[in-house]
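# Remarks on the overall topology
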Amino acid sequence: GAELLMARLLAWVVKQVSTTEGAPPDSLAVTHPANWGEYKLDLLRQAIRHVEVTVDHYVPEPVAAASFYAAQRDLGPGTVVAVYDLGGGTFDAAVVRAEGNSFRIVGRPDGIERLGGIDFDHAIFRHVVTTLGLDLDSPALDADDPALVAGLQQLRQDCVEAKEALSVESDVSIPVLVPQRH
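Scoring rules and cut-offs
Residues numbered from 1 in each chain as written. Predicted model: local features only at pLDDT ≥ 70, side-chain atom pairs only at ≥ 80, totals over all residues. Heavy atoms only, no water. Helix = DSSP H or I, 4+ residues; strand = E, 2+ residues; numbered from the N terminus. Buried < 20%, exposed > 50% of the residue type's maximum accessible area, 1.4 Å probe, protein only. Pairing = 2+ DSSP bridges. Right-handed = clockwise from strand over helix to strand, strands pointing away. Salt bridge = Lys/Arg side-chain N within 4 Å of Asp/Glu carboxyl O.

Time to look at unusual backbone geometry. Phi angles above zero are rare outside glycine, and E52 is one such case at about 55 degrees. On the secondary structure map, E52 appears in the loop between helix 2 (38–50) and strand 2 (57–60). The exposure class assigned to E52 is exposed, which follows from its relative accessible area of 74%.

Encoded structure:
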């Protein structure tokens, strides 16, 4: 399954690091989604045993992210940090509290397995199409029209680029070049 693929990738990374550095790593930590229960963690541990890699620490991803964040700043003991990961297809969030040189998860981390950047891409695309008054399910549209197909493909790509641009801009324009709509 996916766990064995992850384990094989881990073994490859360890081999590459060992070759580059001239020796295997002194310690190895593997991160995992914070909402993984013991069952999924056990599957991962079992898969890693198949590739003969020794993992010293299994760290929830928000704790790893908070540790990286803290390494760049001076966070005093008791500081609370909210961490979220909005990926391409998933959303995970957790709250962690600084305790000495490490972090402890506060409460129960959670995630939405089917919410991510791809959903925002689709929402932007649907908004533009609706604003244009274009009914993509209408029998009046010729789904085989190469100009329409190309225009919609370009529109989808432009919506993705607009979403990404909104990370640094306050507004963006999305060009529309589908037949009879500009």
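In this section: the pairing of strand 2. Strand direction decides the pairing type here: strand 1 (residues 29–32) and strand 2, joined by four bridges, are parallel. Its bridge partner being in strand 2, H32 is matched across the sheet by P60. Once the chain exits strand 1 it traverses helix 2 before rejoining the sheet at strand 2, and the crossover so formed is right-handed.

A word on the pattern of salt bridges. Inspection of the entire model under this criterion finds three salt bridges. When the shortest N-O distance is used, the salt bridge between R45 and E38 registers 2.7 Å. Here E38 falls in the exposed class, since its relative accessible area comes to 53%. In this structure, the salt-bridge partner of D121 is K163, at a minimum N-O distance of 2.8 Å. Here the residue D121 occupies a position in helix 4 (residues 117–132), and K163 occupies one in helix 5 (residues 146–165), the gap between them amounting to 42 residues. Residue class for D121 comes out buried when judged on its relative accessible area of 17%. K163 sits in the partly exposed class, given a relative accessible area of 23%.

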